[in-house]
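# Structure assessment
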Amino acid sequence: MSETVRSLHSDLSALVRSLRSDRTKGLVGRYIATDSFAGRSLHSDRPSGLVGRYVATDSFAGRSLRSDRPSGLVGPLRSDRPNGLVDRYISTDSFAVHGFGFLVSLLSLAQVLPIAFTKVNKIRMAKRMSLLDKHWREVVAPYERPALSKGFLLPEDPARLPSFHTCVGANDEKLTPKWYKEHGIELVLGTRVKSVDVRRKTLLSSTGETISYKFLIIATGARALKLEEFGVEGSDAENVCYLRDLSDANRLATAIQSSANGNAVVIGGGYIGMECAASLVINKINVTMVFPEAHCMARLFTPKIASLYEDYYRAKGVEFIKGTVLTSFEFDSDKKVTAVNLKNGNHLPADLVVVGIGIRPNTSLFEGQLTIEKGGIKVNSKMQSSDSSVYAIGDVATFPVKLFGEMRRLEHVDSARKSARHAVSAIMEPEKTGEFDYLPFFYSRVFAFSWQFYGDPVGEVVHFGEFEEGKTFGAYWIKKGHLVGSFLEGGTKEEYDTISKATQLKPALTDLEELGRVGLGFAETVVSQHIVPEVKEVPSSALVRQASRVVMVEKPLHVWHAATGVLVAASVAAFAFWYGRRRRRW
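This text gives an overview of the structure that appears in the document. (Residues numbered from 1 in each chain as written. Predicted model: local features only at pLDDT ≥ 70, side-chain atom pairs only at ≥ 80, totals over all residues. Heavy atoms only, no water.)

### Overview of the overall build of the protein
The helix and strand tally for the protein stands at 11 helices and 29 strands. Relative to its 586 residues, the protein shows a buried fraction of 48%. Looking at the protein alone, contacts between residues at least 24 apart form 59% of all its contacts between residues at least 6 apart. Of the roughly 29,100 Å² of accessible surface on the protein, a fraction of 52% belongs to carbon and sulfur atoms. (Helix = DSSP H or I, 4+ residues; strand = E, 2+ residues; numbered from the N terminus. Buried < 20%, exposed > 50% of the residue type's maximum accessible area, 1.4 Å probe, protein only. Contact = heavy atoms within 4.5 Å. Areas by Shrake-Rupley, 256 points an atom, 1.4 Å probe, with all protein chains shown as cover.)

This is the structure in structure tokens:
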């Protein structure tokens, strides 16, 4: 038998040698030895039915054959490159788990993606991963955007880079440019991605460079909505400021310094409006907030919650004008805004205008190529888009929120961080990565206040606690008899953790009056009484129903692996026996 196997190996080696020299089949370079394909799957779309990816030598090292290219050449071809080679590839030994290399191109608002790669245990990163800026304005390494509306605008000891590079906001390692270099990540800054061809898996930069990828993670985030989109001109005025990136923050900080003791009008009553208004007050600027809703943070706050914060802002000198919108500006001879005109007829003097009227996801590069839903790129529970090689995370992604059984697009740094880690895990360890089970989370810190919210602000609301400055208070949202949302102001780390866990459990509720009296104690009771039952051994493929959970127990994977191994071994032995007899006849 051993002699037969040696003969078989000899013939197979001859076959490989013939394939190496066969240029007429349109195959590139030469192929690696057959024993290097361990763990790869067969691909019927490869020439001659060969396994997995090929590793070509010389100038093509590390490239994969693409069956949708002429003559089976690696694509895309660039006529302005020697030998028609593409711009960037990585070597095949750089990705340990899968056994082949890949280029991951990250279009950055993905400020959390680098740390996401480091959080995946026991996996080496690709030697070459590109982190690309979504536009040419960012010329620094990724940073934590929440700092821009908080510490960055303080008059004393303001936050400045490198103090808030990614990912200090998650109590993780600070990722300076040196960190990226040490971890083999190429930062491409000040260079806009001009176009994307999802079918051909290529990006075109504003410098004319084409970058090919194996996997693409879209982390383009969102852009600030401009007044011009609502028919108001004047965004280019020197003292009209938005706040979305570092450039915006520097511009606003400069405008604040030149407006001391002056008048500022803040357009919008959401996150940016409330946090910027607080910073302006601290900088001794008179502030008027203008927004069309009945109260601030209308998408989240109840009237009762909003009232407490608004009263505190008023005590700090902030004036609120609600139920109306900006219609026009007045300018001086230097085209600087001097006043704001409102729809209700009000005329407000202004030395500075801060606009925070919402954002819009940056999806334009992918429209017509990927499925768009609810304003974002639709992804599954692995953060994978309608194209299997493309993933989306953060503000730009519309993903299934398992807790509520529906698709959502969330605008918050916590969602960006966690969806990034999940996408990376899904790429690098797909067989070990489950569904993205995310609990929506929002928070803010203004003046002496600090609040957190978990879940969904829908349904009936029950308030609890003492609604006073310096006290702990909150609210529960109940829908269809179950807790779906929790808000808490002034809590401890443990108390915030408790309401988070209680909301995730979605406990049933019947007595809402008692809920209001018990308050935070309800969440504490729910969490303390929740016991995760152990899964007992049951017959294979049995369906076990216990309480409110359903567990599907399937045959262990090692049983299938063993069976497959036996089958393969028997097949190889039979083939070797048949092959040996056939050779003796020759």
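Having put the structure on the table, let's press on.
### Regarding the sheet that holds strand β15 (residues 347-349)
Strand order in this open sheet of 3 strands is β13-β14-β15, and the pairing throughout is antiparallel. Sheet topology places β13 (326-331) and β15 at the edges, where each strand pairs with a single neighbour. Here the strands of the sheet are splayed against their neighbours by 25° on average, with no regard to which way each runs. The pairing of strand β14 (residues 337-342) with β15 spans 3 bridges and is classified as antiparallel. The residue bridging asparagine 341 from the neighbouring strand is histidine 347, located in β15. (Pairing = 2+ DSSP bridges. Axes fitted to C-alpha atoms, helices over the stretch in contact; angles between N-to-C directions.)

### Brief notes about the pairing of strand β16 (residues 352-355)
A regular strand places its side chains on the two faces of the sheet in alternate fashion. Side-chain alternation along β16 places Leu352 and Val354 on one buried face and Val353 and Val355 on a second face that is also buried. Summarising the sheet, strand β9 (residues 240-241) and β16 pair through 2 bridges and their orientation is parallel. Counted as the bridge partner of cysteine 241 is valine 354 from β16. Two elements, strand β10 (residues 263-267) and β16, share 4 bridges in a ladder whose sense is parallel. Along β16, the bridge assignment pairs valine 266 with valine 354.

### What about helix α7 (residues 413-428)?
Here α7 contains 16 residues, and its C-alpha end-to-end distance of 23 Å stays within 8% of the 22 Å for a straight helix at 1.5 Å per residue. Burial analysis of α7 places 14 of its 16 residues in the buried class, the great majority of the element. (Expected span 1.5 Å × (residues − 1).)

### Looking at the sheet that holds β10
Across the sheet, 5 strands lie side by side as β9-β16-β10-β11-β12; this open sheet has parallel pairing. One side of each edge strand has no neighbouring strand; the edge strands of this open sheet are β9 and β12 (319-322). Where β10 lies against strand β11 (residues 286-291), 5 bridges are found, and the strand directions are parallel. Its bridge partner lying in β11, asparagine 263 is registered against asparagine 286. Helix-sheet contacts for helix α6 (residues 303-315) involve β11 and β12, and the interaxial angle to β12 is about 130°.

### What to know about the packing of helix α8 (residues 493-505) against helix α10 (residues 520-529)
Look at α8 against α10: their axes get within 8 Å of each other, and the N-to-C directions meet at 65°. Relative to α10, the element α8 lies roughly perpendicular. Of the two possible hands of crossing, α8 and α10 adopt the one that is left-handed. Residues Glu495, Thr498, Ile499, Lys501, Ala502 and Leu505 of α8 form the contact with α10, whose participating residues are Leu520, Ala523, Glu524, Val526 and Val527. (Parallel < 35°, antiparallel > 145°, perpendicular 65-115°, else oblique. Left-handed = near helix turned anticlockwise from the far one by under 90°.)

### Section: the packing of aromatic side chains
Per the counting criterion, the structure on display carries 26 aromatic pairs. Ring plane angle 55° and centroid distance 6.3 Å describe the contact between tyrosine 313 and phenylalanine 320, whose orientation is recorded as tilted. Classification of tyrosine 313 by relative accessible area gives buried; the value is 0%. When the ring centre of phenylalanine 467 is taken as origin, the NZ or CZ atom of lysine 304, which lies over that ring, is 4.6 Å away. Here the basic side chain of lysine 322 rests over the ring of phenylalanine 320, its NZ or CZ set 5.9 Å away from the ring centre. (Phe/Tyr/Trp six-rings, centres within 6.5 Å; stacked < 30°, edge-to-face > 60°. Lys NZ or Arg CZ within 6 Å of the ring centre and 35° of its normal.)

### What to know about the pattern of salt bridges
Applying the stated criterion to the full structure yields 20 salt bridges. Glutamate 229 serves as the salt-bridge partner of arginine 223, at 2.8 Å between the closest nitrogen and oxygen. On the accessibility criterion, arginine 223 (31% relative accessible area) is partly exposed. Between aspartate 395 and arginine 244 there is a salt bridge; the shortest N-O distance is 3.0 Å. Of this pair, aspartate 395 sits in the loop between β20 (390-392) and β21 (397-401) while arginine 244 sits in the loop between β9 and α4 (246-257), and the two are 151 residues apart along the sequence. Each of Glu310, Asp311, Arg314 and Lys322 takes part in one network of salt bridges that share partners. (Salt bridge = Lys/Arg side-chain N within 4 Å of Asp/Glu carboxyl O.)

### Observations regarding the environment of valine 401
Its location among the elements puts valine 401 in strand β21. With 37 residues separating them in the primary sequence, valine 401 and tyrosine 438 have C-alpha atoms 6.3 Å apart.

### A short note on α4
One turn of the α-helix equals 3.6 residues, which is why residues spaced by three or four share an orientation. Taking 1.5 Å of rise per residue, the 12 residues of α4 would be expected to cover 16 Å, and the 17 Å separating its terminal C-alpha atoms lies within 8% of that figure. The complete set of buried residues in α4 reads Leu246, Asp248, Ala249, Leu252, Ala253, Ala255 and Ile256. For α4, the secondary structure elements touched by its buried residues are β9, α5 (271-282) and β16. Put simply, aspartate 245 is the residue that caps the front of α4, since its side-chain oxygen is 3.2 Å from the backbone nitrogen of serine 247. (Polar contact = N/O pair within 3.5 Å; in protein donor to acceptor, adjacent residues only side chain to side chain.)

### Some thoughts on unusual backbone geometry
The omega torsion of the bond from leucine 161 to proline 162 falls at 15°, within 30 degrees of zero and hence cis. With respect to the secondary-structure elements, proline 162 resides in the loop between β2 (129-133) and α3 (177-182). Despite not being glycine, lysine 201 shows a phi value in the positive range, around 60°. Relative to the helices and strands, lysine 201 resides in the loop between β4 (193-197) and β5 (202-205). The exposure class of lysine 201 is partly exposed, given its relative accessible area of 21%. In this structure, lysine 506 is a non-glycine residue whose phi angle is positive, near 50°.

### Looking at the side chain of serine 444
Structurally, serine 444 can be placed in strand β23 (residues 441-446). Of note is the side chain of serine 444, whose polar atom sits 2.7 Å from the side chain of glutamate 275. The contact partners of serine 444, leaving out residues within four places of it in the chain, are Tyr271, Glu275, Phe449, Ser450 and Trp451.

### Regarding the environment of arginine 160
Tracing the sequence through the fold places arginine 160 in the loop between β2 and α3. Separated by 12 residues in sequence, arginine 160 and leucine 148 place their C-alpha atoms 9.2 Å apart. Residue contacts for arginine 160: discarding those within four places in its chain leaves Phe152 and Ala253. Reaching out from arginine 160, the side chain makes a polar contact with the backbone oxygen of phenylalanine 152 at a distance of 2.9 Å.

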